[in-house]
Each structure stands twice: as structure tokens, then as C-alpha cells.
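Letter by letter, the chains look like this.
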Amino acid sequence: MKKLLSCVIAAVMMLVCCTNAFAAAQTRAVGGQRKESSLEISGNTAVYISNYEDSSKQTQRVVITQTLEKHCYFWTWETIGSARTKTVSGSSASLSARVSGLKSGTYRAKTVFKVTDKSGKTQEITVYSAEKKVA
């Protein structure tokens, strides 16, 4: 029994460490690009906003996909509702959404920025908002 418990604890610790390292690598900004994902909650209503801006003006196209996520247990999150997507030609883009009727729990906004520069190179970066609670 002690061996089994030790193996389970070791496996959980390994997954947590791997997940944190992966998340940190996904949120780095590149060059003059600014990527933001914010979440505000009032009562049981969430408003989340995603912004992209490239000060170097080297961006040809931006695809923003945003979702609202609710914390389930441990490090898992479930998507609330459907994803929203917006495609913009140019160096700046913004997308916002509003969801009402939230149940109590912890929420975050997840934004995936798929950026194509003028040379045709594409990169995809995921940015999470700060976590907010609904009582």
C-alpha cells in the first residue's frame, strides 16, 4: 500500500511540474508584439477581452480564439460555452465577450493568438487571464 501511494504521489508531482513548465513557455511575447487576455467578473457575469498589437507593424494576419474556462479539480479546466473567433488583417486586433449565469467557482479566460507575419511565418501563442472567483 505504501509503495502504491508513493508511486501515485510521484506521478502527480511529475505531471504538475511538466504542466507548469509547458504553460510558462506558451505565454512569452515575441518582438514588438503585445498579447493580452483579461477577465472581469461582476456578480455572476463575466466579461473577457483579448487584445493584440504589433508595434513593429510586421503582422499580416491575426486569428484570435477565446474561451472561458472553469476550474474543475487539481489542474484541470473545462470550457464554458463555445469558443469565439475573429480574424483580422493588420497589426492590431481585439475581441470581447460576455457570459451571464455563471455558477460559483474559479474562472479564467484563455486566448489563442495565431499570428502570421509578412514573410508568411505563423506562430501560435496561448495567453491566460488572471483567475477570478464567482461566489
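Fair warning: this is a prediction, and the values are worked out from it, not measured in the lab.

A. Region of interest: the pattern of salt bridges. This model, assessed by the stated rule, comprises four salt bridges. Across the pair Glu-53 and Arg-34 runs a salt bridge, and its minimum N-O distance is 2.7 Å. Note that Glu-53 is positioned in strand S2 (residues 45–54) and Arg-34 in strand S1 (residues 33–42), a separation of 19 residues in sequence. A salt bridge links Arg-108 to Glu-69, with the shortest nitrogen-to-oxygen separation between them at 2.7 Å. Of this pair, Arg-108 sits in strand S6 (residues 105–117) while Glu-69 sits in strand S3 (residues 59–71); the two residues are 39 residues apart in sequence, bridging distant segments of the chain.

B. Seen up close, a nonpolar patch on the surface. Together, Tyr-73, Phe-74 and Trp-75 line one region of the surface with nonpolar side chains, adding up to about 400 Å² of accessible area. Its location among the elements puts Tyr-73 in the loop between S3 and strand S4 (77–89).

C. Seen up close, the side chain of Thr-67. Assignment of secondary structure puts Thr-67 in strand S3. Take Thr-67: its relative accessible area is 11%, and that puts it in the buried class. Residue contacts for Thr-67: discarding those within four places in its chain leaves Tyr-48, Thr-79, Ala-83, Arg-108, Ala-109 and Lys-110.

Criteria and thresholds
Residues numbered from 1 in each chain as written. Predicted model: local features only at pLDDT ≥ 70, side-chain atom pairs only at ≥ 80, totals over all residues. Heavy atoms only, no water. Salt bridge = Lys/Arg side-chain N within 4 Å of Asp/Glu carboxyl O. Helix = DSSP H or I, 4+ residues; strand = E, 2+ residues; numbered from the N terminus. Patch = residues over 30% accessible without salt bridge, like charges linked within 9 Å, V, L, I, M, F, W, Y side chains within 5 Å. Areas by Shrake-Rupley, 256 points an atom, 1.4 Å probe, with all protein chains shown as cover. Buried < 20%, exposed > 50% of the residue type's maximum accessible area, 1.4 Å probe, protein only. Contact = heavy atoms within 4.5 Å.

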